[in-house]
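Topology and contacts: notes
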Amino acid sequence: MKVLVIGRGGREHAIIKKIARDNKATQIFCAPGNDGMSEATLVPIEETNVSELAQFATDNQINLTIVGPEVALMAGVVNEFNQLGLPIFGPTKEAALIEGSKAFAKYMMNKYNIPTATYGEFTEMEEAIAYLKNQSMPIVIKADGLAAGKGVVICQTLEEAESTVKEMILDRKFDDASSKIVIEEFLEGEEFSLMAFVSNKIYQAMPIARDYKRAYDGDLGLNTGGMGNHSPHPLITDADYEEAIHKVIEPMTKAMIAEGIPFTGILYAGLMKTTDGIKVIEFNARFGDPETEVLLPRLETDLTDIMLSLLDDKEVECIWNDKATVGVVLAAKGYPSTYVKGTPIKGLENLIDVDICHMGTKLIDNQISLNGGRVLFVVGCGDTLEQARQKVYQEIEKIDCKDLFYRKDIARKIINS
Ligand code: AMP
Ligand code: GLY
């Protein structure tokens with residue numbers, strides 16, 4: 001079996017590592033991939049070049065293509081593959097709009113009674129500012145379109161909120177992605193991520209993971225694509241898990257069918273456990289990054305078996321082990337703003353018994369070097385979160401690079417709570 005993974009980051013590396021561990025595929029390709037992905041053959045085609053990707057899959061008789069990033073989905077890679085009868089696991093661009101437009105996601109949640117924060121949607125600055133004046137602070141302002149996990153600002157004061165609206169709508173901070181914005185009630189509670197393998201009405205939920213979005217310890221600094229993650233999440237009970245599945249995942253899969261855009265792929269719900277029940281913060285139409293890196297080491301079932309069965313509309317059983325995983329991002333100094341590039345990373349060969357997923361690295365003069373905001377993701381595994389946490393932090397210390405930084409508090413509060 002030949003598998004093609006589309007994408008270039010840590011999530012795709014984790015998918016590749018899982019497929020390699022499953023040991024079913026004779027060849028794993030990654031387009032475009034990165035130089036740290038030693039288990040795969042790199043294919044120099046951009047994620048959004050759907051026609052060349054389809055041509056590659058045809059020429060190489062790829063048995064399954066797995067899509068990582070949302071940009072490939074929104075570019076219509078699944079639509080193109082479906083039209084040509086090429087097996088691919090992911091949603092069409094119409095279904096991926098659940099991630100591609102925050103306003104569409106809110107519309108769906110309201111229409112189908114899926115619990116979420118109250119909101120308003122705006123394209124005019126004056127209307128947005130008038131709305132803000134009647135809201136309590138803090139308040140959350142979101143660019144409607146894709147902004148690489150950076151299009152959300154939590155504003156503490158009205159002044160901050162007004163200037164954020166101006167930056168997004170008037171100054172077009174995220175280009176077209178912020179020509180429309182969503183202004184949303186601030187939710188408080190324990191945050192968690194729940195993903196499910198979905199094919200039309202069949203869904204198979206994964207265990208819970210917990211993302212750490214802020215750049216610095218103590219949840220300080222700007223929002224990022226995610227700085228660390230762990231699974232399981234002890235503050236989310238079995239009852240919470242059931243509630244999330246039955247009030248969020250199941251109704252959304254049904255809602256997509258009702259709207260004529262059935263969803264196949266990974267449905268990701270970013271959730272908050274509030275005093276008023278579980279509420280949705282966001283939907284994504286793909287594997288979370290770095291949730292995937294901490295979850296796939298816990299999946300015992302073959303990943304390609306799950307996806308191929310679902311593409312065949314067959315129910316699947318997914319078996320997860322009881323291990324705990326903790327993963328920590330090493331980011332380039334400056335991230336999530338302008339960051340350093342090119343510095344060599346030394347010592348990676350000394351890390352023992354952890355997964356190293358390359359998020360943004362490149363070989364320069366034969367040396368793995370910084371080539372992205374989030375650079376490496378190191379995952380430790382253990383019988384408990386405590387063990388996994390100790391393992392990962394102990395091994396990370398062996399990495400030698402002056403231009404990398406990481407959070408020291410991933411999973412700390414949860415273990416001590
Ligand atoms: P998103 O890209 O929508 O997941 O937002 C990024 C992060 O901002 C989330 O993971 C939350 O930590 C935070 N956030 C987003 N929306 C809200 C909200 N309505 N209330 C509180 N925090 C939020
Ligand atoms: N880790 C959050 C995301 O993938 O959007």
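The following paragraphs examine the structure supplied in this document. Everything numeric in this text was worked out from a predicted model, so none of it was measured.

Rules used throughout
Residues numbered from 1 in each chain as written. Chains lettered and ligands numbered in written order. Predicted model: local features only at pLDDT ≥ 70, side-chain atom pairs only at ≥ 80, totals over all residues. Heavy atoms only, no water. Buried < 20%, exposed > 50% of the residue type's maximum accessible area, 1.4 Å probe, protein only. Helix = DSSP H or I, 4+ residues; strand = E, 2+ residues; numbered from the N terminus. Core = buried A, V, L, I, M, F, W, Y, C linked by side-chain atoms within 4.5 Å. Contact = heavy atoms within 4.5 Å. Near = heavy atom within 4 Å. Polar contact = N/O pair within 3.5 Å; in protein donor to acceptor, adjacent residues only side chain to side chain. Areas by Shrake-Rupley, 256 points an atom, 1.4 Å probe, with all protein chains shown as cover. Nonpolar A, V, L, I, M, F, W, Y, C, P; charged D, E, K, R; others polar. 1 Å grid on protein atoms, 1.4 Å probe; cavity = no way out; pocket = protein on both sides within 12 Å on 5 of 7 lines; lining within 4 Å. Points joined across faces, edges and corners; volume = space filled by probe spheres on them. Expected span 1.5 Å × (residues − 1).

Let's shift gears to helix H6 (residues 102-111). The buried count for H6 comes to seven of ten residues, which makes it a mostly enclosed element. Within the sequence span of H6, burial applies to Lys102, Ala103, Phe104, Ala105, Lys106, Met108 and Met109. Just past H6, the residue Asn113 takes up positive phi, approximately 55 degrees.

The subject of this paragraph is the nonpolar core. Ranked by internal contacts, the top residues of the largest apolar core, which has 51 residues, are Val77, Ile98, Met252, Leu271 and Phe283. No other element matches the seven residues that helix H9 (residues 238-258) contributes to this core. In contact with Leu271, other than residues within four places in its own chain, are Glu190, Glu191, Phe192, Leu194, Ala244, Val248, Ile278, Lys279, Val280 and Ile281. Residues Val3, Val5, Leu310 and Ala331 belong to the second largest nonpolar core, which totals 42 residues.

Taken together, 15 residues form the shell around ligand 1, and within it Glu184, Glu185, Leu187, Glu191 and Glu282 come nearest. Residue Lys213 places a side-chain N or O atom 3.4 Å away from an oxygen atom belonging to ligand 1. A total of 470 Å² of accessible area belongs to ligand 1 in isolation, and the protein chains cover 95% of it. Sorting the residues of the shell around ligand 1 by element identifies strand E7 (139-143), strand E8 (152-155), strand E9 (181-185) and strand E17 (277-284) as the ones contributing at least two each. A class-by-class count of the residues in the shell around ligand 1 yields seven nonpolar, one polar and seven charged.

The subject of this paragraph is empty space enclosed by the protein. Where empty space is left in the structure can be found by rolling a water-sized probe over the atoms. By the definition in use, this model includes one cavity of 30 Å³ or more. Its volume calculated, the largest cavity comes out at about 40 Å³. Taken together, Ile66, Val67, Phe89, Gly90, Pro91, Gly265, Ile266, Ala285, Arg286, Phe287 and Met307 make up the lining of the largest cavity. Elements with a contribution of two residues or more to the lining of the largest cavity: strand E4 (64-67) and strand E16 (264-274). When the residues that make up the lining of the largest cavity are grouped by side-chain class, the tally is eight nonpolar, two polar and one charged.

Backbone torsion omega between Ala31 and Pro32 reads -10 degrees, so that peptide bond is classified as cis. A cis geometry characterises the amide bond from Tyr335 onward to Pro336, with omega recorded as 10 degrees. By the secondary structure assignment, Pro336 is in the loop between strand E18 (324-332) and strand E19 (355-358). Despite not being glycine, Asn23 shows a phi value in the positive range, around 65 degrees. The backbone of Asp219 shows a phi angle near 55 degrees, a positive value even though the residue is not glycine. Residue Asp219 is classed as partly exposed on the basis of its relative accessible area, which comes to 34%.

Surrounding ligand 2, one finds Asp211, Lys213, Gly225, Tyr268, Asn284, Arg286, Gly288, Asp289, Pro290 and Glu291. Between a nitrogen atom of ligand 2 and a side-chain N or O atom of Asp211, the distance comes to 2.7 Å. Coverage of ligand 2 by the protein chains reaches 92% of its 200 Å² of free accessible surface. For the shell around ligand 2, the residue count by class is two nonpolar, three polar and five charged.

Turning next to helix H12 (residues 385-396). The first and last C-alpha atoms of H12 sit 16 Å apart over twelve residues, in line with the 16 Å expected at 1.5 Å per residue. Turning to H12, its buried residues number three or more, namely Leu385, Ala388, Arg389, Lys391, Val392, Tyr393, Glu395 and Ile396. For H12, the secondary structure elements touched by its buried residues are strand E15 (228-231), E18, strand E22 (374-382) and helix H13 (412-416).

Taken as a whole, the second largest pocket spans an internal volume of roughly 350 Å³. Contributing to the lining of the second largest pocket are 15 residues, with Lys150, Val152, Val153, Lys173 and Leu222 lying nearest its centre. Of all the secondary-structure elements, those providing two or more residues to the lining of the second largest pocket are E8, helix H8 (158-170) and strand E14 (220-223). Sort the elements by how many residues they give to the lining of the second largest pocket and H8 lands first, with four residues.

Along the chain, the position of Thr301 falls in the loop between helix H10 (291-295) and helix H11 (303-311). By relative accessible area, Thr301 is classed as buried at 17%. Within polar-contact distance, the side chain of Thr301 engages the backbone nitrogen of Ile319 at 2.6 Å. Excluding residues within four positions of it along the chain, Thr301 makes contact with Lys18, Asp22, Ile306, Glu317, Cys318 and Ile319.

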